[in-house]
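What follows is the residue order along each chain.
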Amino acid sequence: MAQNTIASVSVDLDAIACYWRIHALPGAPPEEARRLILRRCLPRFGELFARAGVKATFFVVGQDLADDPEGARRLAELAADGHELANHSFTHPYDLVRHPAAGIASEIDRAHEAIGACAGHGPVGFRAPGYTLSAEVLDLLCARAYRYDSSAFPSLPYYAAKTAVMAAMRLMRRPSGSYLGSPSVVTAPLGPYRPAQGSPYRRGTLPIVELPMAVTPVLRLHVIGTSVVTFPEWLRRRMVAAALRRPFFNLELHGIDLADAAADGFPAALVARQPDLRRPLATKWTALERTLNEAQARGAVFQTLAQAVAALEASLSSG
Ligand SMILES: [Zn+2]
């Protein structure tokens, strides 16, 4: 069975301000909450991965490095320890794909520079804010010789739920700061592929590899941190087992997945809107640790996405 499964785990380090925008909360997050993800959650991921013997990929929002030198120092330590730092844009604009080309290029380049200075070498991978990809974004990444993009999220249930929530928020005259991308994402290949010129969700010959997020075969249920830490244990285990039947297991987490809402001081307005923030840290930690261990028990070897793409490229037709 999954004896040769290549596995990667990545953590998107979206700051509290990102969730503030998604839930259309008024004003800005309280000053003391702004840096919670890098200060409180990031060290827990370092410990979780050390215990599991896993090297991971952290998707970093460029501006957070200048905003939090202490958080930047922790990330530099993780990079020195063999983890990968990758590009998650400079300011995390959910509507990145609607920006003019120069604006998209600036988001990629400013983050590239900040993350490169932190890690000691420039990133080779990108993940778009809110999973929203466009042909223009891919062209800009190719022009910069990026090895991979990991933004495609081909989950129909996730796309349907996001559409419904955003429609409900519009009805309540509280439009979400999130952005709904093209529905063609739900038809994207489930495994790694070279995208087509002009069609990010179709196979082609672009000199970059797209690494879609893990979903289960057939039903395309999303196997990401949010589902791993909030679903009942029996369902989590079955979904992980199903996703592990594919040759590449791309587990995507968020920094907020290891939040301890009360002890960390997460704002009550956010806790009221994010169900995962109301789960005890110990429960979430166990669910994530079990997921890593179950993958390893099935023969999966965790690598950073940069390492995984090198191994996967051989099996993809080159451009
Ligand atoms: Zn993000």
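Shown above is the structure to which this text applies.
Predicted, not measured: the structure shown is a model, and the values here were computed from it.

**Q** Explanation requested: the overall build of the chain in the structure shown.
**A** For the chain, the helix and strand inventory stands at 13 helices and 10 strands. Computed over the C-alpha atoms, the radius of gyration of the chain is 18 Å, within 12% of the 20 Å expected from 2.2 N^0.38 for a compact globule of 319 residues. For the chain, the spread of C-alpha atoms along the three principal axes comes to 50 × 45 × 45 Å. By residue count, 56% of the 319 residues in the chain fall in the buried class. Restricting to contacts in the chain with at least 6 residues of sequence separation, those with at least 24 account for 75%. Accessible surface, the chain: about 13,000 Å² in total, of which carbon and sulfur atoms supply 57%. Counting 34 positive and 29 negative side-chain charges, the chain places the averaged centre of each group 8 Å from the other.

**Q** What am I meant to see in unusual backbone geometry here?
**A** Keep in mind that most residues, glycine aside, have a negative phi and that most peptide bonds are trans. A positive phi is found at Ala24, a non-glycine position, where the angle reads about 50°. Of note, Ala24 is situated in the loop between helix H1 (16–22) and helix H2 (36–52). You can call Ala24 partly exposed: its relative accessible area is 22%. In the Ramachandran plot, Ala145 falls in the positive-phi region, its phi being about 60° despite a non-glycine side chain.

**Q** Would you mind going over the coordination of the zinc ion with me for this structure?
**A** Six octahedral donors at a metal ideally form angles of 90 or 180 degrees, and four tetrahedral donors ideally form angles of 109.5 degrees. Within the first shell, the zinc ion binds the protein through Asp14 (OD), Asp14 (OD), His88 (NE2) and His92 (NE2), at distances of 2.1 to 2.4 Å. Coordination at the zinc ion comes from four donor atoms whose angles at the metal span 57 to 146°, giving a geometry best classed as irregular. On the primary sequence, the residues serving as donors to the zinc ion are separated as D-x73-H-x3-H. Residue classification places His88 among the buried residues on the basis of a relative accessible area of 1%.

**Q** Please clarify how the packing of helix H5 (residues 101–119) against helix H6 (residues 135–143) should be interpreted in this entry.
**A** Where H5 contacts H6, the two axes come as close as 10 Å, and the packing angle between them is 50°. It follows that H5 is oblique to H6 by the angle criterion. Handedness of the H5/H6 crossing: right-handed. In this structure, H5 contributes Ala101, Ile104, Ala105 and Ile108 to the contact, and H6 contributes Glu136, Val137, Leu140 and Leu141.

**Q** Even after reading the chapter, I still don't get the environment of Phe231, so can you show me in this structure?
**A** Among the secondary structure elements, Phe231 is positioned in the loop between helix H8 (225–230) and helix H9 (233–243). The class for Phe231 is partly exposed, based on a relative accessible area of 26%. Along the chain, Phe231 and Asp276 lie 45 residues apart, while their C-alpha atoms are 9.7 Å from each other.

Parameters at a glance
Residues numbered from 1 in each chain as written. Predicted model: local features only at pLDDT ≥ 70, side-chain atom pairs only at ≥ 80, totals over all residues. Heavy atoms only, no water. Helix = DSSP H or I, 4+ residues; strand = E, 2+ residues; numbered from the N terminus. Rg over C-alpha atoms; globule rule 2.2 N^0.38 Å. Buried < 20%, exposed > 50% of the residue type's maximum accessible area, 1.4 Å probe, protein only. Contact = heavy atoms within 4.5 Å. Areas by Shrake-Rupley, 256 points an atom, 1.4 Å probe, with all protein chains shown as cover. Lys, Arg positive; Asp, Glu negative; His and termini not counted. Charge placed at Lys NZ, Arg CZ, Asp CG, Glu CD. Donors = N, O, S within 2.8 Å, 3.2 Å for Na, K, Ca; no water. Tetrahedral: all angles 85-135°; square planar, octahedral: opposite > 155°, others 65-115°. Axes fitted to C-alpha atoms, helices over the stretch in contact; angles between N-to-C directions. Parallel < 35°, antiparallel > 145°, perpendicular 65-115°, else oblique. Left-handed = near helix turned anticlockwise from the far one by under 90°.

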